[in-house]
Amino acid sequence: MELCVLWGGHPHGPSPLGRATREFPLMRRGPWEGRGWNGLAPELPSSPTPVSPGIVATLWRGIPNSGLGHARKEFRERCTQCAAVSWGLTDEGKYYCTSCHNVTERSKEVINTGAIPNTKIQAINRGLKRKRKLEKGWDWYVCEGFQQILYQQAEALKTLGVGPELKNEVLHNFWKRYLQKSKQAYCKNPIYTSGRKATVLEDNPSHSDWDSEPDLLSDFSCPSFVESGTDSQPDGHTPKPFPISKVSQSETASICSGSLDGVEYSLRKEKEIVKMTMPRTLAFCYLSLLWQRETITLSDLLRFVEEGHIPYINAFQHFPEEMKLYGRDKGIFAIESWPTYEDIYKKVIEIAKFLDLPRFPDITEDSYLHPNILCMKYLMEVNLPDEMNDLTCQVVKMTGIGEVDFLTFDPIAKMAKTVKYDVQAVAVIVVVLKLLFLLDDNLEWTLSNIAEKYNEKNKEDKPWFDFRKWYQVMKKSIDEKKQKWEEARAKYLWKSEKPLYHSSIDRAVVYKRREMVVSLQKQFSALVDSAPTVEKKSPSSFQFNWTEGDSARTCFHGHGLQGILKKKGQSLTTKNSLYWLSTQKFCRSYCKHVTTYEESNFSLSYQFIINLFSFLLRIKTSSLHEEVSLIEKILFKRKYGKTKKKSRSRKGRKY
């Protein structure tokens, strides 16, 4: 049997995490074969403690224990991974290390096959057994399923241009740390194996002995956990194990779920443990992207998921054929809703706190996530003049939101809060638009009339920015884009190609119905002469493309702001000296939101700008309005201070 290790050990010897790396949970015919990793940057916490024999033995299947002593006598070379001399034989006759499960290319040589009776019959019987095993499926755990999905998502990010370090180093280490913190691996008593007896030999720590495989499957429940060094909880209280079931785990799995712990996992409710879900896989991906300071924001990540470039909806259908998924597994891996920005953002902070991650690498001016760079990107995206970038940089400098300490994520801080980099950059642009045009449904149109007259008289000169013309171009473009987006969502097929069923008994019926549905769909599509396939877009950081000289869609990147700015000494100031605050009074600290957004209370121009950027980032309009209000609060401290003093004085008079 071909066996591979997810995020396997270093190709040139033991990895920096030592034995913990070799004991990472294993997947059959899994990914990350032969790929090493060099550990994270020095800022990452110390490596997890080694896992005692338990989950590795449970997750690893298909290696027979027979013939172990004979293999030890014949093959005496040291293992290249752990330097141990302890060998067993796989079904194919290849040698594998019983300590780290490293499978070698060496196989046991048979001198005379004729001396072995019934060789052909044994080979046929072995083939029948393999077929039966394939129909039955592997014994696998829920964490293995999420591990497979994380691998698929990491590979998808790699194809989008992300460096391989994200998969082999960062996401690898985050996932291992999660398994340790959730007591699933890298601890002395994993939740799957805490009831088993395990003995680690003192003279050879890489070699261990455990009970036979049937005992491992049935002996699941345990009375308590044992605290172990770095993997113990900070408050001294260890999390409770899964609910104890009277039925054996293998029997329950075969009836109610394809995974061994599907039923227990779905019933698990613990405050101390962050249970893994499909949305949290995206949170893991974004944490890894943020650690690497990649050029993908959270809104980009969710948009790539929506466009099908990153596996999320029906990601389980890419599981190996031997990983049977049904029953309770459906509620864990099958999801029929799109991820939202606010939900993933909260889960990012939640997971970072749970993992006790240190301060992330600094976000400097050269980083893609710095507001100066993101503002330039979104100005190009929404077809605004390039000259506005100088004004956005001034706002960033005056508010201090471009400082390293403000931008860098620190989960262990008292008020752990990561910046919504993309939302913040867009909010800065909205503030600059209000400074230039006021957006009160009056001044912007007056300035547009002035710009229109100038452009008609001076056609050869650099054109002035016309807000009305820009509004007309963007309104048409955004309406077309939104209509296509809504149609794509309405036509999306939530059902997976791989049928899901409630139990192994229903498998044949479900597959038969699926075949009938597919056949009817083909016949119907042939009659109407249309294919039900949805066109997949090529991934891009930009949703709109603007080119100079396009008569249908005017490009405003090269337009000037001379009609909006005036010279005052050696500097330029806005002709508009007025400004209205998006929020006059913020909510109390006990409110879940900072402010509220009611469209009818604001001008139509402001509504259009908010709706435009909210659709661009796929966020709620209230979230963007809130971010604009927070930037204005920093920018106009004096105005907010005056309003507070007035309100206090009025209260005093009433009293």
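Residues numbered from 1 in each chain as written. Predicted model: local features only at pLDDT ≥ 70, side-chain atom pairs only at ≥ 80, totals over all residues. Heavy atoms only, no water.

### Considering the overall build of the protein chain
Put simply, the test is: The helix count covers DSSP runs of H or I at least four residues long, the strand count covers runs of E at least two residues long, and both are numbered beginning at the N terminus. Per-residue accessibility, obtained with a 1.4 Å probe over protein chains only, is compared with the maximum for each type, and a residue is labelled buried under 20%, exposed over 50%, and partly exposed between these values. Using the Shrake-Rupley algorithm and a 1.4 Å probe, accessible areas are obtained, with residue cover drawn only from the displayed protein chains.
In terms of regular secondary structure, the protein chain is built from 23 helices and nine strands. Scored against the burial criterion, the 655 residues of the protein chain give a buried share of 49%. Of the roughly 33,900 Å² of accessible surface on the protein chain, a fraction of 51% belongs to carbon and sulfur atoms.

### So, the side chain of K377
Checked against the element boundaries, K377 lands in helix α14 (residues 371-381). Exposure remark for K377: the relative accessible area of 7% places this residue in the buried category.

### Comments concerning the pattern of salt bridges
Threshold: Within this document, salt bridges are pairs made up of a side-chain nitrogen of Lys or Arg and a carboxyl oxygen of Asp or Glu, the two lying within 4 Å of each other.
Throughout the structure, instances matching the rule amount to 15 salt bridges. Taken together, the shared-partner salt bridges in this structure form one network comprising D300, R303 and E307.

### Observations concerning the pairing of strand β8 (residues 565-568)
Strand residues, when the strand is regular, have side chains that alternate between the two faces of the sheet. Here is the rule we go by: Between any two strands, pairing holds if DSSP finds at least two bridges.
Sheet topology places β8 next to strand β9 (residues 571-574); four bridges connect them, and they run antiparallel. Opposite K566, over in β9, you have T573 as the bridge partner. If you look at the hairpin formed by β8 and β9, you'll find two residues sitting between the two strands, and G569 has a positive phi there, around 75 degrees.

### Points about helix α22 (residues 621-635)
As a reminder, the rule being used: Expected helix span is taken as 1.5 Å per residue step, with the number of steps being one fewer than the number of residues.
Over its 15 residues, α22 runs 21 Å from end to end, which matches the ideal 21 Å to within 8%, given 1.5 Å per residue. Within α22, the full set of buried residues consists of S623, L624, H625, E626, E627, V628, S629, I631, E632 and L635.

### Quick word on the packing of aromatic side chains
Convention followed: Stacked, tilted and edge-to-face pairs are distinguished by plane angle, under 30 degrees for stacked and over 60 for edge-to-face with tilted covering the rest, among Phe, Tyr and Trp rings (Trp via its six-membered ring) whose centres lie within 6.5 Å. Note on criteria: charge over ring means Lys NZ or Arg CZ within 6 Å of the ring centre, with the direction from the centre no more than 35 degrees off the ring normal.
Per the stated rule, a full pass over the model turns up 30 aromatic pairs. The interplanar angle of 50 degrees and the centroid separation of 5.1 Å between the aromatic rings of F360 and F409 together place this pair among those described as tilted. On the criterion of sequence distance, the pair formed by F360 in the loop between α13 (341-354) and α14 and F409 in the loop between α16 (404-407) and α17 (421-437) is long-range, its members being 49 residues apart. Residues Y454 and W464 carry aromatic rings whose centres are separated by 3.8 Å and whose planes lie at 10 degrees to one another, so their mutual orientation is stacked. With Y454 in helix α18 (residues 443-457) and W464 in the loop between α18 and α19 (467-491), this residue pair connects regions lying 10 residues apart in the sequence. Among the residues examined, W464 registers a relative accessible area of 16% and is labelled buried. Positioned over the ring face of W546 is R553, at 4.4 Å from the centre of the ring. Against the face of F586 rests K633, its NZ or CZ located 4.7 Å from the ring centre.

### Considering unusual backbone geometry
Its identity is not glycine, yet Y186 carries a phi of approximately 60 degrees, on the positive side. Inspection of the secondary structure assignment puts Y186 in the loop between α6 (165-181) and β6 (198-200). Taking the relative accessible area as the measure of exposure, Y186 reaches 0% and is therefore buried. Here the phi dihedral of L439 falls at roughly 55 degrees; this positive angle occurs in a residue that is not glycine. Take L439: it is sitting in the loop between α17 and α18. Taking the relative accessible area as the measure of exposure, L439 reaches 0% and is therefore buried.

### Notes on the state of the cysteines
How we decide: We call a pair of cysteine sulfur atoms a disulfide whenever their separation is within 2.5 Å.
Inspection of the entire model under this criterion finds zero disulfides. C393 forms no disulfide, and the closest cysteine sulfur to it belongs to C375, at a distance of 7.2 Å.

### As for the packing of α6 against helix α10 (residues 278-292)
Short version of the rule: Structural elements are reduced to axes, namely lines fitted to C-alpha atoms, with helices fitted over the stretch in contact, and the angle between N-to-C directions of any two is expressed from 0 to 180 degrees. Orientation categories follow fixed angle ranges, with anything under 35 degrees roughly parallel, anything over 145 roughly antiparallel, 65 to 115 roughly perpendicular, and all other angles oblique. A crossing counts as left-handed when the near helix is turned anticlockwise from the far one by less than a right angle, and as right-handed when that turn is clockwise. What makes two residues a contact is simply this: any of their non-hydrogen atoms within 4.5 Å. Here the nonpolar group is Ala, Val, Leu, Ile, Met, Phe, Trp, Tyr, Cys and Pro; Asp, Glu, Lys and Arg are the charged ones; every other residue, Gly included, is treated as polar.
Interhelical geometry of α6 versus α10 gives an angle of 125 degrees and a closest axis separation of 10 Å. With respect to each other, α6 and α10 are oriented oblique. Crossing handedness for the pair α6 and α10: right-handed. In contact with E165, L166, V170, L171, F174, W175 and Y178 of α6, α10 contributes F284, L287, S288, L289, W291 and Q292. Of the residues that constitute the contact of α6 with α10, the class distribution is 10 nonpolar, two polar and one charged.

### Thoughts on helix α15 (residues 388-399)
Helix length check: α15, at 12 residues, gives a terminal C-alpha distance of 17 Å against a target of 16 Å (1.5 Å per residue), a fit within 8%. Here the buried face of α15 lies against α14, α17 and α22. Just beyond α15, the residue with positive phi is G400, at close to 80 degrees.

### A closer look at the environment of T574
Test applied: Between N or O atoms, a polar contact is any pair within 3.5 Å; within protein, one atom must be a potential hydrogen donor and the other a potential acceptor, and residues adjacent in sequence are included only when both atoms are from side chains.
Among the secondary structure elements, T574 is positioned in strand β9. Judged by its relative accessible area of 25%, T574 is partly exposed. With 137 residues separating them along the chain, T574 and F437 place their C-alpha atoms 9.0 Å apart. Setting aside residues no more than four positions away along its own chain, T574 makes contact with L435, L436, I564, L565 and K566. A polar contact is formed between the side chain of T574 and the backbone oxygen of N576, at a distance of 2.8 Å.

### Re the environment of E105
Mapped onto the elements of the fold, E105 is located in strand β5 (residues 103-107). Taking the C-alpha atoms as reference, E105 lies 10.0 Å from G93; in sequence the two are 12 residues apart.

### Description of the nonpolar core
The test is simple: Buried residues of nine kinds, namely Ala, Val, Leu, Ile, Met, Phe, Trp, Tyr and Cys, make up a nonpolar core once their side-chain atoms join them within 4.5 Å.
Counting residues in each nonpolar core, the largest one holds 129 residues, and the members touching the most others are F284, F333 and W470. Of all the elements, α17 adds the most residues to this core, at 13 residues. Ignoring sequence-local partners within four residues, the contact set of F333 consists of W140, V142, G145, F146, I149, M278, F316, F319 and L325. Counting eight residues, the second-largest nonpolar core is a separate cluster that includes C79, A84, L89 and C97.

### Some words on the packing of helix α21 (residues 604-617) against α22
Running from N to C, α21 and α22 cross one another at 110 degrees; their axes reach a closest spacing of 9 Å. In terms of their interaxial angle, α21 and α22 are classed as roughly perpendicular. For the pair α21 and α22, the crossing hand works out as right-handed. Of α22, the residues touching α21 (which contributes Y606, I610, N611, F613 and S614) are T621, L624, H625 and V628. Residue classes in the contact of α21 with α22 are distributed as five nonpolar, four polar and no charged.

### Comments concerning the confidence of the model for the protein chain
This is how it is decided: Per-residue confidence from the predictor is reported as pLDDT, which spans 0 to 100.
In this model, the protein chain carries an average pLDDT of 74, and 64% of its residues clear a pLDDT of 70 or more. Scored below 50 in pLDDT, residues 1-73 makes 205 contacts in the model with residues more than four places away or belonging to other chains. Here residues 193-253 is a poorly scored stretch, pLDDT under 50, and it has 110 contacts once near neighbours within four places are set aside; other chains count.

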